[in-house]
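Here's the letter readout for the chains.
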Amino acid sequence: MAEQPRPSEIEPEQAVREAASLAEKVARGTELFTKLRDEEVTIATTPKCEVWRQDKVTLHHYRPLAEKKVSTPVLIVYGLIGRYTMADLQEDRSLVRNLLKLGIDLYVVDWGNPSRADRWLTLDDYIDGYLAECVEFIAQQHAIDKVSLLGICEGGVFTTCHAALRPATVKTLVLTITPIDFHGDTVENRLGHGFINIWTRSLQPADIDRLIDAYGNLPGEFMGSVFSMMTPMRTLMKYNFDMLEVMDDEKKFLNFLRMEKWLADRPHHPGEAAKQWLKDLYQDNKLVKNAFTINGRRVDLRNITMPVLNVFAKDDHIIPPATSQALGAKVGSKDYHELALPGGHVGVFVGGKSQALLGSGIAKWLAERQ
Amino acid sequence: MQALAQMWGRSGGGFTTAQQNFFAEMAKRMADAAGQPPASAPAGFFQPQELTAANQTFAALWKSALEMSQSFARTMQQGKKTDPLVSDLMSKLFDPRTWFTSLGGMDETLQRMAEGPRLADLWDTERKLLAVFNAWTTLRQRSIEHNTVMLEAWMRAAAAFARTLNEKAERKEPLGSWREVLALWVETANTTLLETQRSEKYLDSQREILKASIDLRLAQQALAGFYSEVFGYPTRAEVDDVHRTVTELRREVRALARANRESTTRKTRAPRKKATAPVGLAPGA
C-alpha cells in the first residue's frame, strides 16, 4: 500500500486566514472579470502601416518613436507557429517599442492565416519567395543593397537560410531563440527541456506524412497542445490558481489576459512546410549538417559571413540553448557574438527582467556595426 | 437454340410483368397514403403511372423482339443443313439480349453513376462504414491505454508527495501553510510528469494515439469522399488538387515577376556605350 502522508501541522487560525484572504480575492476578481471587455485586451498596438502584400503575407513598417540612430532598417521575421505579436505584447513589454525608442528603423512580416488552401506551400516558398521579396522591397524603398534581419524561433531559421543563400542582401543577422542543431537538446538533457525534439524523434517520417495528409496542415491547436504538455502542472494550474493570484489586480490581470490572447492566436502551419520542418529539420537535423536545401540550393552556414548576434534564453525549454549555440561553430562570419539572457522561450521577450536587456543589447550591437 | 430462346423469352417476359405489378402496387399505395385517387398525385410528386406506362411500352416491344428472334431461329433451322457454329453466331446476332449487352454499356454506366452502388458494390459502403467504426474503437482503446500510462504517473507523483511530506515531518520541518503544501505538490507532480514524458512507454502510447486519430480522420474522409462522388460534390482530394495547381501557378508567376524585375534592373544599371563615327566616313560627312 502506498505511503500515506501524515497530517500537516498547519494551524487552524492560519487556515482560516488563508481561506478568508482567498475569498476576498475571488470576490474582487469576479467583479473585475465581469467588468472587463474583450476589446480592452489589446496586443501589438505599436503603430505601423502595411507597405507590401503578396497572397496572405503582409509587410509592415513601424512608425518611428525616436530619431534614427541606426541607418540600416531591420526586418523582424517570426515563424509560422504563433505570431510576431509576442514581440509587441504590451507597451511596457515590447521588444518592438524598445527598439523603436532606441532609434531602430523597424519592419515586420506577418504570414497571415494559412488555411487548407495553403497546404502546398513549402519552406522554399516562404524563405526564397516571400521573405526574399520582403527584403528586396525594403532595400528598394531605402535605396540600399542590404537589410538587417532579426529572426525569432522558426523565423530565425528562415533568416539564417536567407543569409546563407543571399549573403549579399544582408547587412547584419540577429537571431533570437533560434534552433540550429535540432538534436542539441541531448547536450544538456535537462528534464522538461526539448520535449518537442524528443517527441518528433519518436515518430516515423510516415507518421508525419499521414498527419499532414489527414489535416492538410499542421493544425495550430495541435501545436498548442504540444506546448501545453511541456509544462504539465503550469497548464493545469493556469486557469484556477494562477489566475486567482492575479485576478484582483487589474494591471496584472490584463497582463495575464494579453498573454492568453497571444497564445490563443495559433495559425495553422502549411502542410508541406510542416513536413520539411518536422522531418528535414527536427528529425534529420539537416540545417546544422549543411544538408538542408531550398529550391535545390544547399544552405551552407559557412556562407553567413555578415556580423551575427545570437540571442538565447538560458532557461528555454522549447529551444534549449545548445540548439542555438551550435551556430557559432558553423558560420563563416568572423564577427559572431552570443547574448544569453535570463528567462524562458517567451519570457525573454515579455518577462520583466529581460526588458532592459534584450532591446538595448540588440540596439547597441547594431549601432556598433553601422 | 430454339428452346433457349423460348426460355429466355419467358423469363424476360416474367421479369417485365413482375416489374409492372410492382410499380402499379406502389402507385396505389402512395395514392392511398396521400388520400388521393391514384391518378391525382400532387404536382411534382413521383408519378408511378408514367413509369408503369413506359414499362408497358417496353414490355410490348420486348415481346416483338422475342418473336422476331424466335422467327429467325426457326428460319435458320430450315433448308439444308447449316454449320452449327454459324448458326449459333447468327442466333446471337439477332438475340435482343446481345443488343442490350453491346449497346447498353453506356446506359449501364450512366445508370450506375446516377444511382450509386449496384448490388455487387453494396458491400463497399459497408466496408467503408466498418472502417470508420473500427478506427473509432481503436482510438478509444489507444486513449484508454494512454490514460493508463498517465494514471500510473499520477499515482507515482502522489506517492512521492506523501513520502516527502513524511520526511519533512520526521525532520521537524512541517509545512506552515496550504500554499506551501500546494507548491510542494505542484513541484513533485511536475517532476514526475516530465520524467514520464521522456519514457518509452509514454512516447509509444502518444504515437499510437496520434496514429489512431489520424486513421479515424482518414477513414471519415474516405467515406465522405465516397458520398461526395455519388452526390456530385467536390471531394477533399479534388479541392486539394485545385489548391496545388494554384500554388504552383503562383510560384511560377512569382519567379517570372522576379526574373522580369532583375532583367529591368540589369538594363537600368548597364553602362551606355559612347557613340563612335562609322569607319570610312570623313568627320562631318
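Look a little higher up for the structure.
Residues numbered from 1 in each chain as written. Chains lettered and ligands numbered in written order. Predicted model: local features only at pLDDT ≥ 70, side-chain atom pairs only at ≥ 80, totals over all residues. Heavy atoms only, no water.

**Some words on the pattern of salt bridges**
Inference 1: For the structure on display, the rule yields 46 salt bridges over all chains.
Inference 2: A salt bridge links B:Arg261 to A:Glu133; the nearest nitrogen and oxygen atoms lie 3.4 Å apart. In this pair, B:Arg261 is assigned in helix α8 (residues 236-269) and A:Glu133 in helix α3 (residues 123-142), connecting two distinct chains.
Inference 3: Judged by relative accessible area, which is 6%, A:Glu133 ranks as buried.
Inference 4: Beyond isolated ion pairs, a larger network of salt bridges with shared partners links A:Arg116, A:Arg119, A:Asp213, A:Glu272, A:Lys275, B:Arg236 and B:Asp240. (Salt bridge = Lys/Arg side-chain N within 4 Å of Asp/Glu carboxyl O. Helix = DSSP H or I, 4+ residues; strand = E, 2+ residues; numbered from the N terminus. Buried < 20%, exposed > 50% of the residue type's maximum accessible area, 1.4 Å probe, protein only.)

**Comments concerning unusual backbone geometry**
All names here are of chain A.
Inference 1: Within the chain, Asp-55 stands out as a residue other than glycine whose phi angle is a positive 55°.
Inference 2: Assignment of secondary structure puts Asp-55 in the loop between β1 (48-54) and β2 (57-62).
Inference 3: Judged by relative accessible area, Asp-55 falls into the partly exposed class, the value being 29%.
Inference 4: Residues other than glycine seldom take positive phi values, yet Ala-143 does so here, at roughly 55°.
Inference 5: With respect to the secondary-structure elements, Ala-143 resides in the loop between α3 and β7 (147-152).

**Re the nonpolar core**
All names here are of chain A.
Inference 1: By size, the foremost hydrophobic cluster in this structure holds 112 residues, and its most contacted members are Leu-75, Trp-111, Leu-287 and Phe-349.
Inference 2: With 10 residues, the single largest contributor to this core is α3.
Inference 3: If we skip the residues at most four places from it in the chain, Trp-111 touches Lys-56, Val-57, Val-77, Tyr-78, Gly-79, Leu-80, Tyr-126, Tyr-130, Leu-131 and Phe-158.
Inference 4: Ranked by size, the runner-up nonpolar core spans 11 residues in total, among them Leu-32, Val-41, Met-243 and Leu-257. (Core = buried A, V, L, I, M, F, W, Y, C linked by side-chain atoms within 4.5 Å. Contact = heavy atoms within 4.5 Å.)

**Some remarks on the side chain of A:Asp88**
All names here are of chain A.
Inference 1: Within the fold, Asp-88 resides in strand β4 (residues 88-90).
Inference 2: Within the buried set, Asp-88 has no salt-bridge partner at all; the shortest N-O distance to an opposite charge, 4.3 Å, is to Arg-97.
Inference 3: Within the local environment of Asp-88, its side chain forms a polar contact with the side chain of Thr-46, the two groups lying 2.8 Å apart.
Inference 4: Once you skip the residues sitting within four places of it in the chain, Asp-88 turns out to touch Ile-43, Ala-44, Thr-45, Thr-46, Tyr-62, Arg-93, Ser-94, Val-96 and Arg-97. (Lys, Arg positive; Asp, Glu negative; His and termini not counted. Polar contact = N/O pair within 3.5 Å; in protein donor to acceptor, adjacent residues only side chain to side chain.)

**Thoughts on the interface of chain A and chain B**
Inference 1: On the side of chain B, 48 residues touch chain A, which itself brings 53 residues to the contact.
Inference 2: The junction of chain A with chain B conceals about 4,800 Å² of combined surface from both sides, 55% of it contributed by carbon and sulfur atoms.
Inference 3: Close ionic contact of A:Arg119 with B:Asp240 constitutes a salt bridge, the shortest N to O distance being 3.3 Å.
Inference 4: For the pair chain A and chain B, the interface holds 21 residue pairs in polar contact (both at pLDDT 80 or more).
Inference 5: Those elements that place two or more of their residues in the side of chain A that touches chain B are α1 (12-35), α3, α6 (195-201), α7 (205-215), α8 (220-230) and α9 (232-246) of chain A. (Buried area = accessible area lost by both parts, 1.4 Å probe.)

**Some points on the packing of α3(A) against helix α4 (residues 154-165) of chain A**
All names here are of chain A.
Inference 1: Where α3 meets α4, the closest approach of the two axes is 10 Å, and the angle between their N-to-C directions is 75°. Taken together, the axes of α3 and α4 lie roughly perpendicular to each other. Facing Leu-123, Tyr-126, Ile-127, Leu-131, Ala-132 and Val-135 of α3, the residues of α4 in contact are Glu-154, Phe-158, Thr-159, Cys-161 and His-162.
Inference 2: Split by residue class, the contact of α3 with α4 holds eight nonpolar, two polar and one charged. (Axes fitted to C-alpha atoms, helices over the stretch in contact; angles between N-to-C directions. Parallel < 35°, antiparallel > 145°, perpendicular 65-115°, else oblique. Nonpolar A, V, L, I, M, F, W, Y, C, P; charged D, E, K, R; others polar.)

**Observations regarding helix α10 (residues 250-264) of chain A**
Residues and elements named next belong to chain A.
Inference 1: With 15 residues, α10 extends 21 Å from end C-alpha to end C-alpha; this agrees with the ideal 21 Å at 1.5 Å per step.
Inference 2: Among all positions of α10, only Phe-253, Leu-254, Asn-255, Phe-256, Leu-257, Arg-258, Met-259, Glu-260 and Trp-262 are buried.
Inference 3: Contact partners of the buried residues in α10: α1, β4, β5 (93-94), α9 and α13 (347-350).
Inference 4: One side-chain oxygen of the residue at the start of α10 lies 3.0 Å from the amide nitrogen of Lys-251, identifying that residue as Asp-249. (Expected span 1.5 Å × (residues − 1).)

**Brief notes about a nonpolar patch on the surface**
All names here are of chain B.
Inference 1: On the surface, Leu-129, Tyr-227, Phe-231 and Tyr-233 cluster together into a nonpolar patch covering about 460 Å² of accessible area.
Inference 2: Structurally, Tyr-233 can be placed in the loop between α7 (200-231) and α8.
Inference 3: Looking at Tyr-233, the relative accessible area reads 57%, which means it is exposed. (Patch = residues over 30% accessible without salt bridge, like charges linked within 9 Å, V, L, I, M, F, W, Y side chains within 5 Å. Areas by Shrake-Rupley, 256 points an atom, 1.4 Å probe, with all protein chains shown as cover.)

**Observations regarding the packing of α9(A) against α10(A)**
Residues and elements named next belong to chain A.
Inference 1: Close contact between α9 and α10 brings their axes to 8 Å; oriented N to C, the two are set at 145°. Here Lys-238, Tyr-239, Met-243 and Val-246 of α9 come into contact with α10, specifically with Lys-252, Phe-253, Phe-256, Glu-260 and Leu-263.
Inference 2: Class assignment for the residues of the contact of α9 with α10 results in six nonpolar, no polar and three charged.

Any functional reading would require information beyond the geometric quantities listed.
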